[in-house]
Amino acid sequence: MSTEAPNNKSLTGYYRWHARIYDLTRWAFLFGRHKIIRQAAALAGEPGRVLEIGCGTGKNLVHLAEAFPKAQITGLDLSADMLERARPKVAKYGERVKLMHQAYEGPVGGEAKFDLIVFSYSLTMINPGYDEVLRQCQKDLSERGMVAVVDFHESRWRWFQRWMGVNHVRMEGQVLDCLRHHFQPLVCQVHHGYGDLWRYVMFLGRKAG
Ligand SMILES: C[S@@+](CC[C@H](N)C(=O)[O-])C[C@H]1O[C@@H](n2cnc3c(N)ncnc32)[C@H](O)[C@@H]1O
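In this text the structure is predicted, and so the values were computed from the model without any measurement. (Residues numbered from 1 in each chain as written. Predicted model: local features only at pLDDT ≥ 70, side-chain atom pairs only at ≥ 80, totals over all residues. Heavy atoms only, no water.)

Student: What exactly am I supposed to notice about the site of the ligand here?
Tutor: Within the structure, the ligand sits among 22 residues, and R33, E52, G54, D77 and S120 are positioned closest to it. Between Y22 and the ligand, the recorded distance is 2.8 Å, taken from a side-chain N or O atom to an oxygen atom. Here an oxygen atom of the ligand sits 3.3 Å away from a polar atom, N or O, in the side chain of N60. In the complex, the protein chains occlude 97% of the 590 Å² of accessible area that the ligand would expose alone. Elements with a contribution of two residues or more to the shell around the ligand: α1 (6-18) and β2 (72-77). (Near = heavy atom within 4 Å. Polar contact = N/O pair within 3.5 Å; in protein donor to acceptor, adjacent residues only side chain to side chain. Areas by Shrake-Rupley, 256 points an atom, 1.4 Å probe, with all protein chains shown as cover. Helix = DSSP H or I, 4+ residues; strand = E, 2+ residues; numbered from the N terminus.)

Student: Just to check I follow, could you spell out the pairing of strand β3 (residues 97-101) for this structure?
Tutor: Look at any regular strand and the pattern is simple: side chains alternate between the two faces of the sheet. Pairing of β2 with β3, which is carried by 5 bridges, proceeds in the parallel orientation. Bridge assignment links I73 to a residue of β3, and that residue is V97. The parallel pair β2 and β3, bridged by helix α5 (residues 80-90), forms a crossover whose chirality is right-handed. (Pairing = 2+ DSSP bridges. Right-handed = clockwise from strand over helix to strand, strands pointing away.)

Student: Could you clarify how one ought to interpret the sheet that holds strand β6 (residues 183-193) in this entry?
Tutor: As a general point, the strands of a sheet are linked pairwise by backbone hydrogen bonds and lie either parallel or antiparallel. Pairing within the open sheet is mixed, and its 7 strands lie in the order β3-β2-β1-β4-β5-β7-β6. Each edge of the open sheet carries a strand with a single partner, namely β3 and β6. Here the average twist between neighbouring strands, direction ignored, is 15 degrees. Across the face of the sheet, helix α3 (residues 33-44) comes into contact with β4 (114-120), β5 (141-154), β6 and β7 (198-207) while running at roughly 20 degrees to β7. (Axes fitted to C-alpha atoms, helices over the stretch in contact; angles between N-to-C directions. Contact = heavy atoms within 4.5 Å.)

Student: Help me understand the packing of aromatic side chains, please; the structure alone is not making it clear to me.
Tutor: How two aromatic rings sit relative to each other is given by the distance of their centres and the angle of their planes. With the rule as written, the count across this model stands at 10 aromatic pairs. Seen in terms of ring centroids, F31 and W198 are 5.9 Å apart; in terms of plane orientation they differ by 15 degrees. Their pairing is stacked. Of this pair, F31 sits in the loop between α2 (22-25) and α3 while W198 is found in strand β7, placing the two residues 167 residues apart along the sequence. By relative accessible area, F31 is classed as partly exposed at 22%. Taking relative accessible area as the criterion, W198 reaches 3% and is therefore assigned buried. (Phe/Tyr/Trp six-rings, centres within 6.5 Å; stacked < 30°, edge-to-face > 60°. Buried < 20%, exposed > 50% of the residue type's maximum accessible area, 1.4 Å probe, protein only.)

Student: Even after reading the chapter, I still don't get the environment of V190, so can you show me in this structure?
Tutor: Assignment of secondary structure puts V190 in strand β6. Look at V190 and you get partly exposed, because its relative accessible area is 39%. Residues V190 and S10 lie 180 residues apart in sequence; the distance between their C-alpha atoms is 29 Å.

Student: Just checking my understanding: could you explain a nonpolar patch on the surface for this structure?
Tutor: Together, W157, W159, W163 and V166 give the surface a local cluster of nonpolar side chains, amounting to about 480 Å² of exposed area. Counting through the fold element by element, W157 comes out in the loop between β5 and α7 (158-166). Classification of W157 by relative accessible area gives partly exposed; the value is 34%. (Patch = residues over 30% accessible without salt bridge, like charges linked within 9 Å, V, L, I, M, F, W, Y side chains within 5 Å. Salt bridge = Lys/Arg side-chain N within 4 Å of Asp/Glu carboxyl O.)

Student: What is the right way to look at helix α6 (residues 130-140) in this model?
Tutor: Side chains three or four residues apart in an α-helix point the same way, a direct result of the helix having 3.6 residues per turn. Among the residues making up α6, those that are buried are Y130, V133, L134, Q136, C137, Q138 and D140. On its buried face, α6 sits against β1 (49-53), β4, β5, α8 (174-182), β6 and β7.

Student: Which parts of the structure should I look at to understand the nonpolar core?
Tutor: Proteins that are soluble and globular tend to have nonpolar side chains buried together. In terms of nonpolar packing, the biggest core is built from 42 residues, with L64, I73, L116 and F152 touching the most fellow members. For this core, the secondary structure elements donating two or more residues are α1, α3, α4 (59-67), α5, β4, β5, α7 and β7. By size, the runner-up hydrophobic cluster in this structure holds 24 residues, among which are Y104, V133, C137 and V147. (Core = buried A, V, L, I, M, F, W, Y, C linked by side-chain atoms within 4.5 Å.)

Honestly, that's just the spatial picture; any functional story needs more than this.
Below is the structure:
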């Protein structure tokens, strides 16, 4: 019997097919991905170690590797199909960019903490569990470490929320509430996608307390 959590299992199945069309389609609605990295670069100085949780096909890993040329970068994802697409993109960076195939359930850095942890459209897909993931990732952050998040926020259209639900995305404002609870905001912006069809959030923060 599989011990994989039900949500992880259904995401693995979802991306088995969607990995093939991911890069061709997602530019049209996953807004703000490059911008959040530029904003992190402006605020994070020179992070030594960077982690992206839910790195998918690796688009952000390339931007991170360019933005932080001295950093060790790790991309983690539960979908082998998505990581297969990421691998050729990051090959030119050699050992500097590492891929990890697993669901994020707790710290992965051991003693070596990360100075920047990126979530790009992954937290709204972790249902249940986004709150626990944000709690756990604080243990992976260095003292002055920072999180950078871009993700769906909410939509006032029920039919659109339902459609996103079919695609494993929960967009009821839950991620921003949770981010504000766990981190001190440095940047917190809500933007509109296609007029008022949906809103998405860009958040940069440090550990609270
Ligand atoms: C919408 S994609 C975003 C990919 C990439 N970050 C981007 O911006 O293009 C969400 C990714 O998060 C991954 N993911 C979802 N839940 C995860 C978890 N608990 N641990 C690791 N990866 C997860 C999925 O497999 C998928 O590749």
